[in-house]
Amino acid sequence: MSEYEWVKRPPNIIERIIAGAFVAVLLLASASSYAGWRIFGEHDAKVAIGATFAGVVLIRLLPQVRRKPPA
């Protein structure tokens, strides 16, 4: 397994907007699924699971994450 490191820099405005939209959809879908609000119809749980999976994938694609060179 390779290791990862974080490159220190503040996020730009596009990254902040994407993160805010992601968190809003994830929280809304999760709350709707648990509370039974049916905001996304019958797909509340599927949207919450999809947003969680997309978040895991997006962590890998963050510009601050770099693979450490082999020693």
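As the structure is a computational prediction, the values presented were derived from the model and not from experiment.

Now for the overall build of the protein chain. In terms of helices and strands, the protein chain carries two helices and two strands. Sequence-ordered secondary structure for the protein chain, helices as α and strands as β, is β-α-α-β. The C-alpha atoms of the protein chain give a radius of gyration of 16 Å, which is well past the 11 Å a tight globule of 71 residues would have. Each of the three principal axes of the protein chain carries a C-alpha extent, and together these read 50 × 30 × 15 Å.

This part is about the confidence of the model for the protein chain. Across the protein chain, the average pLDDT comes to 85, with 92% of residues at or above 70. Looking at the elements of the protein chain, mean pLDDT is at its lowest for strand β2 (residues 65-67), recorded as 70, and at its highest for helix α1 (residues 13-35), recorded as 91.

What follows is about the environment of Ala-35. Position of Ala-35 among the secondary structure elements: in helix α1. For the pair Ala-35 and Ile-13, spaced 22 residues apart in sequence, the C-alpha separation works out to 32 Å.

Judged by side-chain polarity, Ile-13, Ile-14, Ile-17, Ile-18, Phe-53, Val-57, Leu-58 and Leu-61 come together as a nonpolar surface patch covering roughly 820 Å² of accessible area. When residues of the nonpolar patch are traced back to their parent elements, those giving at least two are α1 and α2 (44-61). Classification of Ile-13 as exposed rests on a relative accessible area of 59%.

Across its 23 residues, α1 extends 32 Å between first and last C-alpha, which sits within 8% of the 33 Å expected from 1.5 Å per residue. For α1, every residue scored as buried is listed here: Glu-15, Ala-29 and Ser-32. For α1, the capping residue at the N-terminal end is Asn-12, with a side-chain oxygen 3.3 Å from the backbone nitrogen of Ile-14. The first or second residue beyond α1 is Gly-36, which carries a positive phi of 75 degrees.

The next subject is the environment of Leu-62. The residue Leu-62 is located in the loop between α2 and β2 in this model. For the pair formed by Leu-62 and Glu-15, sequence separation is 47 residues and the distance between their alpha carbons is 8.9 Å.

Of note in the backbone geometry, Arg-38 takes a positive phi value of approximately 60 degrees without being a glycine. For Arg-38, the location among the structural elements is in the loop between α1 and α2.

The next thing to look at is the side chain of Ser-32. By the element assignment, Ser-32 lies in helix α1. On the basis of relative accessible area, Ser-32 is assigned to the buried category, the value being 0%. Within the local environment of Ser-32, its side chain forms a polar contact with the backbone nitrogen of Ile-39, the two atoms lying 3.1 Å apart. Here Ser-32 is in contact with Trp-37, Arg-38, Ile-39, Phe-40 and Asp-44, once residues within four sequence places are set aside.

Thresholds applied
Residues numbered from 1 in each chain as written. Predicted model: local features only at pLDDT ≥ 70, side-chain atom pairs only at ≥ 80, totals over all residues. Heavy atoms only, no water. Helix = DSSP H or I, 4+ residues; strand = E, 2+ residues; numbered from the N terminus. Rg over C-alpha atoms; globule rule 2.2 N^0.38 Å. pLDDT = per-residue confidence, 0-100. Patch = residues over 30% accessible without salt bridge, like charges linked within 9 Å, V, L, I, M, F, W, Y side chains within 5 Å. Areas by Shrake-Rupley, 256 points an atom, 1.4 Å probe, with all protein chains shown as cover. Salt bridge = Lys/Arg side-chain N within 4 Å of Asp/Glu carboxyl O. Buried < 20%, exposed > 50% of the residue type's maximum accessible area, 1.4 Å probe, protein only. Expected span 1.5 Å × (residues − 1). Polar contact = N/O pair within 3.5 Å; in protein donor to acceptor, adjacent residues only side chain to side chain. Contact = heavy atoms within 4.5 Å.

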